[in-house]
Amino acid sequence: MVECRSLPQMCLLGPMPPRTPGRSDAQVPSDASRGDSKYGRIAFVYFYQEGVNADPVFGLLDIEIAIQRRGPGTFQFEIYCIGDGYQSGHGSSKPQPLAVEFRIGSRTVAKAEWRYPTVLNGHMDALTFSARIELTDRDFAEIDSALLPSVHAEATICLE
């Protein structure tokens, strides 16, 4: 068992992209007709053993993030990604959940945490999570980015 850490990543939030041939449809929000949403995409978050940034242990790919208004003062956070177990091993969020900070400029106005399931060695599996998030209508209107700060993870090296 080794301890790993991700590097921080962020994305801008805006409207969901339109459907188009040649690009997969947005996976979140799960039902766009339920209310206005803010959407963003992060290409990857990889987890590295301390001091070994050239060889990731496992990762999360094609991360899609959405916040959706579900009614007056009610908001839902959704995340979708692919767990990349085709690196050095498999990993889990046991030491620390993945955090998503929603921001207006440099100010964090809401935070969600996700204890994603174990990313299995030799697998590329879809992972999803949804939870209610506390937010004001005004903050929802002004949110412009999402930050995934650096977090710890636990991994088992599975090299043959």
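Shown above is the structure to which this text applies.
The rules behind each value
- Residues numbered from 1 in each chain as written.
- Predicted model: local features only at pLDDT ≥ 70, side-chain atom pairs only at ≥ 80, totals over all residues.
- Heavy atoms only, no water.
- Phe/Tyr/Trp six-rings, centres within 6.5 Å; stacked < 30°, edge-to-face > 60°.
- Buried < 20%, exposed > 50% of the residue type's maximum accessible area, 1.4 Å probe, protein only.
- Helix = DSSP H or I, 4+ residues; strand = E, 2+ residues; numbered from the N terminus.
- Lys NZ or Arg CZ within 6 Å of the ring centre and 35° of its normal.
- Pairing = 2+ DSSP bridges.
- Axes fitted to C-alpha atoms, helices over the stretch in contact; angles between N-to-C directions.
- Polar contact = N/O pair within 3.5 Å; in protein donor to acceptor, adjacent residues only side chain to side chain.
- Core = buried A, V, L, I, M, F, W, Y, C linked by side-chain atoms within 4.5 Å.
- Contact = heavy atoms within 4.5 Å.
- Salt bridge = Lys/Arg side-chain N within 4 Å of Asp/Glu carboxyl O.

(A) Structural context of the packing of aromatic side chains. Overall, the coordinates contain 9 aromatic pairs when judged by the stated rule. A centroid spacing of 5.6 Å and a plane angle of 40° characterise the contact between phenylalanine 44 and tyrosine 46, whose relative ring orientation is tilted. Residue classification places phenylalanine 44 among the partly exposed residues on the basis of a relative accessible area of 37%. Centroid distance phenylalanine 47 to phenylalanine 58: 4.6 Å. Interplanar angle 5°. Geometry classified as stacked. Separated by 11 residues along the polypeptide, phenylalanine 47 in strand S3 (residues 37–49) and phenylalanine 58 in strand S4 (residues 56–71) bring together distant segments of the chain. In this structure, phenylalanine 47 and phenylalanine 58 share a single accessibility class: buried. Three or more aromatic residues joined by ring pairs make a cluster, and in this case those are Phe47, Phe58, Phe77, Phe102, Trp114, Tyr116 and Phe129. Over the ring of phenylalanine 140 we find lysine 38, and its NZ or CZ is 5.7 Å from the ring centre.

(B) Spotlight on the pairing of strand S1 (residues 2–6). Relative to strand S11 (residues 152–157), S1 runs antiparallel, the two being bridged by 4 bridges. The residue of S11 that forms the bridge with arginine 5 is histidine 152. Two elements, S1 and S3, share 3 bridges in a ladder whose sense is antiparallel. Among the inter-strand pairings, arginine 5 is bridged to a residue of S3, identified as tyrosine 48.

(C) Spatial organisation of the sheet that holds strand S7 (residues 98–104). Pairing is antiparallel in the open sheet, where 4 strands are placed in the order S2-S10-S7-S8. Each edge of the open sheet carries a strand with a single partner, namely strand S2 (9–12) and strand S8 (107–114). Between one strand axis and the next, the sheet turns through 20° on average, direction left out of account. In terms of strand pairing, S7 meets S8 through 7 bridges, oriented antiparallel. The residue of S8 that forms the bridge with isoleucine 104 is arginine 107.

(D) Highlighting the environment of serine 33. By the secondary structure assignment, serine 33 is in the loop between S2 and S3. A relative accessible area of 64% places serine 33 in the exposed class. Separated by 35 residues in sequence, serine 33 and glutamine 68 place their C-alpha atoms 9.9 Å apart. Of note is the side chain of serine 33, whose polar atom sits 2.5 Å from the side chain of aspartate 31.

(E) Highlighting the nonpolar core. With 36 residues, the main nonpolar core has Phe47, Leu60, Ile63, Ile65, Phe102 and Tyr116 as its most contacted residues. Put simply, the parts of the chain that give this core at least two residues each are S3, S4, strand S5 (74–84), S7, S8, strand S9 (124–133), strand S10 (145–148) and S11. Top element by residues in this core is S4. It accounts for 6 residues. Residues in contact with isoleucine 63, not counting those within four places in the same chain, are Gly40, Arg41, Ile42, Phe44, Val45, Ile79, Tyr80, Cys81 and Leu148. Residues Tyr39, Tyr48, Ala66 and Tyr80 belong to the second largest nonpolar core, which totals 8 residues.

(F) A look at the pattern of salt bridges. Inspection of the entire model under this criterion finds 8 salt bridges. When the shortest N-O distance is used, the salt bridge between glutamate 50 and arginine 5 registers 3.9 Å. Remark: arginine 5 occurs in strand S1 and glutamate 50 occurs in the loop between S3 and S4; sequence separation between them is 45 residues. Note on glutamate 50: relative accessible area 47%, which makes it partly exposed. Where arginine 69 meets aspartate 137, a salt bridge forms, and the shortest distance between an N and an O atom there is 2.7 Å.

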